[in-house]
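Listed here are the chains, written in short residue letters.
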Amino acid sequence: HHWAGKALYVLNALELIVEDIRACDIYIYSAHDIVVEKIEELNKTFNLNIEYSSRFNQISQNQLLEKFGQAKIAIGNNISDGVPNTLLEAIICGAFPIQSNPGGASEDYIVHNKNGLLIKNPEDSKEIAKQIKKALINDELLKNAFSINQEIAKKLDHNLIKKEVLKAYK
């Protein structure tokens, strides 16, 4: 959580739907100190077990990709970004994306309610909570999104992109 990243709004959203997430394994990566404090508060207050890595004790990119591969949902929330790398990594690894859409960049990859959910207001915890809850209860949405996102993932293949870039330069 900083001037652009808005992780605290996601944590506040989780607090609003705490009964719906009790059975979920939750992992927060690259958390700033203020986020770590909120995670520890939620864990203590609601007897949760939200796991995390901090900005000062980060996991490797391969470990993060493994987490995305195990995840049902991946949430990215910020107010300023191009296409977030973590959005693309989540899609490639099969996690259902719930993503903010600053500048409309995320909608280049996500069609809302089809292959992911777009957060209209990254500072509205109630909206974020509704999006999370929708994904948690709608297995059909996640199943259909997975198929669509696997097709998108094929287009994100490094070798294919490299070939297309070199072709464009020629």
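Since the model is a prediction, treat every value here as computed from it, not as a measurement.

Time to look at the packing of aromatic side chains. On inspection of all chains with the given rule, the structure shows one aromatic pair. A centroid spacing of 6.0 Å and a plane angle of 80° characterise the contact between Tyr29 and Phe68, whose relative ring orientation is edge-to-face. Taken together, the residues span a long stretch of sequence, with Tyr29 in strand β1 (residues 27-31) and Phe68 in helix α4 (residues 61-70) at a distance of 39 residues. For Tyr29, a relative accessible area of 29% corresponds to the partly exposed category. Over the face of the ring belonging to Tyr27 we find Lys67, whose NZ or CZ atom lies 4.3 Å from the ring centre.

Here we come to the side chain of Gln99. Of note, Gln99 is situated in strand β4 (residues 96-100). Gln99 gets classed as buried once you look at its relative accessible area, which sits at 3%. When neighbours within four sequence positions are excluded, Gln99 is seen to be in contact with Gly76, Asn77, Asn78, Pro84, Leu87, Ser106, Ile110, Leu117, Leu118 and Ile119.

Moving on, we get to the pairing of strand β2 (residues 51-54). Strand direction decides the pairing type here: β1 and β2, joined by three bridges, are parallel. Each bridged residue has a counterpart across the sheet, and for Ile28 the counterpart in β2 is Tyr52. Crossover connection from β1 via helix α3 (residues 33-46) to parallel β2: handedness right-handed.

A separate point is the packing of helix α1 (residues 7-16) against helix α6 (residues 125-137). Contact pair α1 / α6: the axes reach a minimum separation of 8 Å and the direction vectors enclose 65°. The hand of the α1/α6 crossing is right-handed. The segment α1 lies against α6, with Tyr9, Val10, Asn12, Ala13, Leu14 and Leu16 engaging Ser125, Lys126, Ile128, Ala129 and Ile132. Residues of the contact of α1 with α6, tallied by class, amount to eight nonpolar, two polar and one charged.

Moving on: unusual backbone geometry. Unusually for a residue other than glycine, Ser30 sits at a positive phi of about 60°. Following the sequence through the fold, Ser30 ends up in strand β1. Here Asn113, not a glycine, exhibits a phi torsion of approximately 70°, which is positive.

Parameters and conventions
Residues numbered from 1 in each chain as written. Predicted model: local features only at pLDDT ≥ 70, side-chain atom pairs only at ≥ 80, totals over all residues. Heavy atoms only, no water. Phe/Tyr/Trp six-rings, centres within 6.5 Å; stacked < 30°, edge-to-face > 60°. Helix = DSSP H or I, 4+ residues; strand = E, 2+ residues; numbered from the N terminus. Buried < 20%, exposed > 50% of the residue type's maximum accessible area, 1.4 Å probe, protein only. Lys NZ or Arg CZ within 6 Å of the ring centre and 35° of its normal. Contact = heavy atoms within 4.5 Å. Pairing = 2+ DSSP bridges. Right-handed = clockwise from strand over helix to strand, strands pointing away. Axes fitted to C-alpha atoms, helices over the stretch in contact; angles between N-to-C directions. Left-handed = near helix turned anticlockwise from the far one by under 90°. Nonpolar A, V, L, I, M, F, W, Y, C, P; charged D, E, K, R; others polar.

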